Each structure stands twice: as structure tokens, then as C-alpha cells.
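The primary structure of each chain is shown beneath.
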Amino acid sequence: MKTALTIAGSDSSGGAGIQADIKTMTMLGIYAMSAITALTAQNTTGVRSISEVDEKFLSQQIDAVFEDIPPDAVKIGMVSSSKLIETIAERLKFYGAKNIVVDPVMITTSGVKLISDDAIETLKKFLFPIATVITPNIPETEKLAEMKIRSQEDQINAAKKIFEIYKCAVLCKGGHNINDANDILCDGDGIKIFVGNKIKNPNTHGTGCTLSSAIAAGLAKNFDLKKAVESAKNYISGALNANLNLGKGSGPLNHAFLITDKN
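Bear in mind that the values here come from a model prediction, so they are computed numbers and not experimental data.

Asker: Whenever I open this one, the sheet that holds strand 6 (residues 133-134) confuses me. Can you help?
Answerer: What holds strands together in a sheet is hydrogen bonding between their backbones, with the strands either parallel or antiparallel. Strand order across the open sheet formed by nine strands is 3-2-1-4-5-6-7-8-9, with mixed pairing between neighbours. The outermost strands of the open sheet, each flanked by one partner alone, are strand 3 (46-52) and strand 9 (190-194). Across the sheet, helix 7 (residues 207-220) lies against strand 1 (3-11), strand 4 (73-76), strand 5 (100-102), strand 6, strand 7 (169-172) and strand 8 (183-187), angled at about 165 degrees from strand 4, the strand it touches most.

Here it is in C-alpha cells:
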């Protein structure tokens, strides 16, 4: 059985973070493992509190996984401090980790910055160079490319710029009124546009975590990057189309839509 490791924060409401990652990987036939970067007290209405782990404990979690069940792919989600980012990069390089998907969680879709400028610089310096692909949303793409995105052409140019700067493949996620839901992949083979239609579902908590985890699952199965992205987009579309409605805010996806009892 193929395996994958998620390195991310915990979401007590189960819709994002390692909970979403593990659900996604499991539904896609991957044995999922985790190294937790932070505990959060949160639900669909927002985050109440965050308790970050120390770098030694994070390192021990990663060691425990690699020394026993080496993962076929690694997904990295939100890591808010430079010391933890450096720890992750050092351990992954030590073990020669492969198929690394980095979801550079820096800015929310509403434009709220989630990590400090120094941690963003550390992310660029230590994690991007070892990534197979990074998956920024539109605000994050604007930050990384240092340009505004108002059209699909801007999105393509930003993807090219990020690829040239950081030398890793980049999937610039669409939406945000730029297009329906088209994602732009820029890698060594050029540009690939993954066309998608916006799904009318206000419950989108954890979509970024889910997409990046699904890509990691595809890479663990030895899919090439384009096939992994296509498979991931199909999965997330199904999870959104299931129209799960839980919570008082922006609710979670139905990660288990393929097996949910319809009765």
C-alpha cells in the first residue's frame, strides 16, 4: 500500500488541517500518517486558539515516521514559525523525502495574513527548493510573484514568474472571480490549464488542504504531476458537489462522498 505523510496543524472541527488531509488520503487509497505542527481550537466560524509544538517534538514525530514507514509522498500545510519550517526542511532533506507538496498557507482567501514576513521568507528559502509543487491561492500567488492578478493571463504570468524564481513547479489555484475555477500549472514542461467550473457551495472549509493532500496522494501512486493534479481536482469537485451542510459558518467538504450512505 502506498503511504503519505501530512505535516500540518490540527483542526478540532475536522474540516481542514491534518484531519482533512488524512480523510482525503484515505479516501484515495493511501495509508496516511501525520506530524502535527500546531493544535488549534477552531470550528466553522473561526479559530479561537493556537498552540504550536516545539521544534524538537516536531522533529521526533517526523523521525518516528521515516524510521518505520517511509512515506511515498509528503504534504506540508500551515507552518507559522521559521524554526519549525527549518526543522521540517532539514529532516526531509536528511531522509531524502520525495514527492513533496507544499501548500504555502500565508494569506486567507479574504486577504488576512496568517504568518509573519520572516516565516514567509524562511518558507521560500528552505521549503520551496525541495518541493515537487507548491499550491498557492490567488492572494498567495500575488505575494510570491509580487504582482496583482486580475485576469487569467495575469495568473499565467505569475505562475511563470514563481517557477523561474523558485525553480519548483507551481499550481496557481483559480477562483476569486478571476475565472470559474481554472488552475494554472507551470513546471518544466510549460503551462497547463486545468479548467473547472465554480460549484455553488458556500461550505468550502478545508478546500486548500484537501486539494494539496489529494495531489500528494496521486504522486504517492506514481502519477505524474499533471495526472495527480487532474485526479485531485476531480476528487475535490466530488466532495464539494456532495453539498454537506454542517456548522454555523463555512462548513467542511464531504471527504467521504464516495461511501456516504444516501438513505
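Asker: How should I be thinking about unusual backbone geometry in this particular structure?
Answerer: For residues that are not glycine, phi is negative in most cases, and the peptide bond is trans in most cases. Here the phi dihedral of Glu146 falls at roughly 55 degrees; this positive angle occurs in a residue that is not glycine. When you line up the elements, Glu146 lands in the loop between helix 5 (138-145) and helix 6 (152-166). Phi at Asn222 takes a positive value of approximately 75 degrees, unusual for a residue other than glycine. Relative to the helices and strands, Asn222 resides in the loop between helix 7 and helix 8 (225-241). Look at Asn222 and you get exposed, because its relative accessible area is 59%.

Asker: Could you clarify how one ought to interpret the pairing of strand 9 in this entry?
Answerer: In the case of a regular strand, side chains alternate between the two sheet surfaces. Where strand 8 meets strand 9, five bridges bridge the pair, whose relative direction is antiparallel. Following the sheet pairing, Cys186 is matched in strand 9 by Ile191. Counting the residues that bridge the hairpin from strand 8 to strand 9 gives two residues.

Asker: Explanation requested: the packing of helix 2 (residues 55-68) against helix 3 (residues 82-95) in the structure shown.
Answerer: The angle between the axes and the distance between the axes are what describe a pair of packed helices. As a packed pair, helix 2 and helix 3 sit with axes 9 Å apart at the nearest point and diverge in direction by 25 degrees. Between helix 2 and helix 3, the angle falls in the class roughly parallel. The handedness of the crossing between helix 2 and helix 3 is right-handed. Taken together, the residues of helix 3 that come into contact with helix 2 (itself represented by Glu55, Leu58, Ser59, Ile62, Asp63, Phe66 and Glu67) are Lys83, Leu84, Thr87, Ile88, Arg91, Leu92 and Tyr95.

Asker: Would you take a moment to explain the side chain of Gln61 for this structure?
Answerer: Within the secondary structure, Gln61 sits in helix 2. Residues in contact with Gln61, not counting those within four places in the same chain, are Ser34, Ala35 and Ile36.

Asker: Whenever I open this one, the nonpolar core confuses me. Can you help?
Answerer: Within soluble globular proteins, side chains that are nonpolar tend to cluster in buried spots. Counting 44 residues, the largest nonpolar core has Ile7, Val74, Ile76, Ile88, Leu92 and Ile134 as the members making the most contacts within it. Setting aside residues up to four positions removed in sequence, Ile88 forms contacts with Ile7, Thr37, Leu58, Ile62, Ile76, Val79 and Leu127. Formed by 29 residues, the second largest nonpolar core is a distinct cluster that contains Val101, Ala214, Ala220 and Ala232.

Asker: What is the right way to look at the packing of aromatic side chains in this model?
Answerer: Each aromatic ring pair is specified by the distance between its two centres and by the angle formed by the two planes. One pass over the structure, following the stated rule, counts four aromatic pairs. Ring centres 4.8 Å apart and planes at 10 degrees place the aromatic pair Phe66 and Tyr95 in the stacked group. Taken together, the residues span a long stretch of sequence, with Phe66 in helix 2 and Tyr95 in helix 3 at a distance of 29 residues. Taking the relative accessible area as the measure of exposure, Phe66 reaches 8% and is therefore buried. Among the residues examined, Tyr95 registers a relative accessible area of 23% and is labelled partly exposed. Ring centres 5.1 Å apart and planes at 85 degrees place the aromatic pair Phe128 and Tyr166 in the edge-to-face group.

Asker: Just to check I follow, could you spell out helix 5 for this structure?
Answerer: Owing to its 3.6 residues per turn, the α-helix aligns residues three or four sequence positions apart on the same side. Extensive coverage of helix 5 is indicated by the burial of seven of its eight residues. For helix 5, the complete set of buried residues consists of Ile138, Pro139, Glu140, Thr141, Glu142, Leu144 and Ala145. On its buried side, helix 5 packs onto helix 4 (117-127), strand 6, helix 6 and strand 7. For helix 5, the N-terminal capping position is held by Asn137, with its side-chain oxygen 2.9 Å away from the main-chain nitrogen of Glu140. Following helix 5 by one or two positions, Glu146 adopts a phi angle in the positive range, close to 55 degrees.

Conventions used here
The numbering scheme is per chain: residues are counted from 1 as the chain's sequence reads. Reporting in this predicted model follows two pLDDT cut-offs: at least 70 for local features of residues, and 80 or more for side-chain atom pairs to be given and counted; totals over whole chains, interfaces and linings ignore these cut-offs and use all residues. As a convention, hydrogens and water are excluded, and side-chain values are obtained from all of the structure's heavy atoms. Only strands joined by at least two bridges in the DSSP assignment are considered to pair. A run of H or I in DSSP counts as a helix once it spans at least four residues, and a run of E counts as a strand once it spans at least two, with each numbered from the N terminus. Pairs of residues are marked as contacts when any of their non-hydrogen atoms sit within 4.5 Å. Structural elements are reduced to axes, namely lines fitted to C-alpha atoms, with helices fitted over the stretch in contact, and the angle between N-to-C directions of any two is expressed from 0 to 180 degrees. When a residue's accessible area, from a 1.4 Å probe over protein chains only, is under 20% of the maximum for its type it is buried; when over 50% it is exposed; and in between it is partly exposed. Should an angle fall under 35 degrees it is taken as roughly parallel, and over 145 as roughly antiparallel, whereas 65 to 115 is taken as roughly perpendicular and any remaining angle as oblique. Definitions for this section: a left-handed crossing has its near helix turned counterclockwise from the far helix by less than a right angle. A right-handed crossing has that turn clockwise. Residues grouped as a nonpolar core are buried Ala, Val, Leu, Ile, Met, Phe, Trp, Tyr and Cys residues, joined through side-chain atoms within 4.5 Å. Side-chain rings of Phe, Tyr and Trp, where Trp is taken by its six-membered ring, are said to pair if the distance between their centres is within 6.5 Å; with planes under 30 degrees apart they count as stacked, over 60 as edge-to-face, and otherwise as tilted. What qualifies as a polar contact is a pair of N or O atoms within 3.5 Å, subject to a donor-acceptor requirement within protein and to the restriction that residues adjacent in sequence count only when both atoms come from side chains.

Treat this as a map of the structure, not an account of what it does.
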